[in-house]
Amino acid sequence: HDIRVKYNIVWSFEGILLALKSFFNKKPKQVDILFLCHDVHRHAKKEKKLYAPLIDPIIEELCDNFKCLTLATPFSKNFGSSCFNDVQNYNYKILIGFLKRVLLFRSFVLLDSKKDPLIKAYESLLKDFKPKIIFGIQPSVEICIAAKRLGIKKYDIQHGIISDVNYYSILKREKIDQQGWPDMVLCWDKESSKRVDNISHKNVENKIIGNPTYHSKSGQDLYKKFISQRKDLDKYRSEWLITLTYLDYGVYNQDKCYQEIGIPIQVVNMINKTPEIFWRIRLHPVQIRFFRSRVDKSLNNMIKDKSNVDWDTFSNIPLGSALHKADGHLTVESASALDAAQNGIPTLLVGCPGVSSKDKADLYFREYIESGAMKYVNAPDLNKDDLNSFEDYKNRFNSKNASNQNG
């Protein structure tokens, strides 16, 4: 039950089977830089291969001068020729270490860092590769502890809103004290940097680098290649992207629409009443992987006229491409709001009872709300005028961008 409820996003029977088979995979003797990435973050394609927009742009800029390897983290099923760059699966030791933890400690979670078999498994794996540096998308506490014991530097690449999960979790801190931090978190913006300082009580350093998906040559080349195939978009007054929010299906919410697809019913009503706006809709990657047919069916039933709505195209391209040249972005509380801000696209945060609130929006996005890049509105108060409230911000952003280019 715990595996089904807590781990179904990152685990699969195929992934576990491939972990067993990886016992026979030949390992490289040494690498300079080790990257860590799960299938969940490999949600784009480049040259017809699975591409991780946060990791792969960095690898492309480093691989000419350093030997790089990406580990498919537990329990991924994508690696080898299906992936862009060198992605390999060596999860056999990790699976055995996890099973030993369950048998010895009767626990899925870390209880004793000194005796934990999973940490020892990561130590053994890292000794095989001897990397100087590890870059990961929120690398696990266990691999951070193992790497520290071996003197290997660890960098966490921010992949969304900095919140109280993994090593930021207060509950986890109570059990393992201050062990398991990376050496540095590579943040997208000042607000994220401040949150790292606050949540970690400055136990971990951070550096603002922007989002590699957009602030790297290869990243920009990827998302700017997107050109809409539609020929009739000029007839629309504006284009907006809606990103659906990840949710646990089966969890009650008084808004049945949100409970089913991740946006309040008022947003669907607005879509149905605005034929002059072209609505790009993007499913959350977890919805795409596990609930695609269910969300497709719900959207088909809820949206009356599909001529100005497209969720198929924009769910199957990189987020940067889905945002490209959009006039605005709407979401309940998705971290895609940060992606939009990185591209100068304003976000309308729509509050949903039991899910988001003004206080929560201020907690995560205060800097952007104060700058005018984002605006919060309760779902019952949502109207078309809210879509037109960002002209001042867009003018300031475009003016600043032009000044930077001329300078």
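Residues numbered from 1 in each chain as written. Predicted model: local features only at pLDDT ≥ 70, side-chain atom pairs only at ≥ 80, totals over all residues. Heavy atoms only, no water.

**Considerations on the sheet that holds strand E4 (residues 68-72)**
The pairing of strands in a sheet happens through backbone hydrogen bonds and is either parallel or antiparallel. Pairing within the open sheet is parallel, and its 7 strands lie in the order E5-E4-E1-E6-E7-E8-E9. Here the strands that pair on one side only, and so sit at the sheet edges, are strand E5 (87-88) and strand E9 (205-208). Of the strand pairs in this sheet, strand E7 (residues 153-157) and strand E8 (residues 184-187) are connected by 3 bridges, and their pairing is parallel. Paired with Tyr155 across the strands is Met184, a residue of E8. Here helix H8 (residues 190-200) sits on the sheet in contact with E8 and E9, set at roughly 180° to E9. (Pairing = 2+ DSSP bridges. Helix = DSSP H or I, 4+ residues; strand = E, 2+ residues; numbered from the N terminus. Contact = heavy atoms within 4.5 Å. Axes fitted to C-alpha atoms, helices over the stretch in contact; angles between N-to-C directions.)

**Some words on the sheet that holds strand E15 (residues 374-378)**
Pairing is parallel in the open sheet, where 6 strands are placed in the order E12-E11-E10-E13-E14-E15. Each of the sheet's edge strands pairs with one partner strand only, and the pair in question is strand E12 (309-310) and E15. Helix H11 (residues 265-272) contacts strand E10 (238-243), strand E11 (277-282), E12, strand E13 (328-331) and strand E14 (347-351) of the sheet and is inclined by roughly 140° relative to E11.

**What about the packing of aromatic side chains?**
Evaluated as defined, the whole model comprises 11 aromatic pairs. Judged by centre distance (6.5 Å) and plane angle (65°), the ring pair of Phe278 and Phe314 falls under edge-to-face. Taken together, the positions of Phe278 in strand E11 and Phe314 in helix H14 (residues 312-315) put the pair 36 residues apart, joining distant regions of the chain. Across the pair, exposure class does not vary: Phe278 and Phe314 are buried alike. Ring pairs connect the aromatic residues Phe23, Phe24 and Tyr92, which therefore count as one cluster. (Phe/Tyr/Trp six-rings, centres within 6.5 Å; stacked < 30°, edge-to-face > 60°. Buried < 20%, exposed > 50% of the residue type's maximum accessible area, 1.4 Å probe, protein only.)

**Some thoughts on the pattern of salt bridges**
By the definition in use, this model includes 19 salt bridges. Its salt-bridge partner being Asp32, residue Lys132 comes within 3.1 Å of it at the nearest N-O pair. With a gap of 100 residues between them, Lys132 in the loop between helix H5 (117-129) and strand E6 (133-136) and Asp32 in the loop between helix H2 (13-21) and strand E1 (33-37) connect regions that are remote in the sequence. (Salt bridge = Lys/Arg side-chain N within 4 Å of Asp/Glu carboxyl O.)

**Some points on the nonpolar core**
In terms of nonpolar packing, the biggest core is built from 33 residues, with Ile242, Trp279, Ile281 and Leu348 touching the most fellow members. Put simply, the parts of the chain that give this core at least two residues each are E10, helix H10 (256-261), H11, E11, helix H13 (292-302) and E14. Residue contacts for Leu348: discarding those within four places in its chain leaves Trp240, His329, Leu330, Thr331, Lys375, Val377, Leu382, Asp386, Leu387 and Phe390. (Core = buried A, V, L, I, M, F, W, Y, C linked by side-chain atoms within 4.5 Å.)

**Description of the pairing of E1**
With 5 of 5 residues buried, E1 is to be regarded as a mostly interior element. Side chains Ile33, Phe35 and Cys37 of E1 all project onto a buried face; the interleaved residues Leu34 and Leu36 project onto the opposite face, where all are buried too. In this structure, E1 lies alongside E4, joined through 5 bridges in parallel fashion. When the bridges of E4 are listed, Phe35 appears paired with Thr70. By the bridge criterion, 4 bridges tie E1 to E6 in an arrangement that is parallel. Across the sheet, the residue bridging to Ile33 is Ile133, located in E6.

**Some words on unusual backbone geometry**
Between Pro74 and Phe75 the backbone carries a cis peptide bond, its omega angle lying at -15°. Along the chain, Phe75 turns up in the loop between E4 and E5. One non-glycine residue with positive phi stands out, namely Lys48, at about 65°. Locating Lys48 in the fold gives a position in the loop between strand E2 (44-46) and strand E3 (49-51). Although it is not a glycine, Lys202 adopts a positive phi angle of roughly 60°. Position of Lys202 relative to the elements: it lies in the loop between H8 and E9.

**Looking at the pairing of E8**
Burial of the side chains of E8 extends over both faces: Met184 and Leu186 are buried on one face and Val185 and Cys187 on the other. Relative to E9, E8 runs parallel, the two sharing 4 bridges. Among the inter-strand pairings, Val185 is bridged to a residue of E9, identified as Asn206. Running through H8, the crossover from E8 to the neighbouring parallel element E9 is right-handed. (Right-handed = clockwise from strand over helix to strand, strands pointing away.)

**Focus: H5**
Here H5 is 13 residues long and its end C-alpha atoms lie 19 Å apart, about the 18 Å a rise of 1.5 Å per residue gives. When we look at burial in H5, the residues that qualify are Pro117, Leu118, Ile119, Ala121, Tyr122, Glu123, Leu125, Leu126 and Phe129. The elements touched by buried residues of H5 are E1, E4, helix H4 (92-105), E6 and helix H6 (141-149). Its side-chain oxygen at 3.2 Å from the backbone nitrogen of Leu118, Asp116 defines the N-terminal cap of H5. A positive phi of about 50° marks Lys130, the residue just after H5. (Expected span 1.5 Å × (residues − 1). Polar contact = N/O pair within 3.5 Å; in protein donor to acceptor, adjacent residues only side chain to side chain.)

**Quick look at the environment of Thr274**
Relative to the helices and strands, Thr274 resides in the loop between H11 and E11. A sequence separation of 38 residues divides Thr274 from Tyr236, and the C-alpha atoms of the two residues are 9.9 Å apart. One polar contact links the side chain of Thr274 to the main-chain carbonyl oxygen of Met270, over a distance of 2.7 Å.

**Structural notes on the environment of Ile119**
Tracing the backbone shows Ile119 in helix H5. By relative accessible area, which is 0% here, Ile119 ends up buried. For the pair formed by Ile119 and Cys144, sequence separation is 25 residues and the distance between their alpha carbons is 8.8 Å. Once residues within four sequence positions are removed from consideration, Ile119 is found in contact with Leu110, Ser113, Glu142, Ile145, Ala146 and Arg149.

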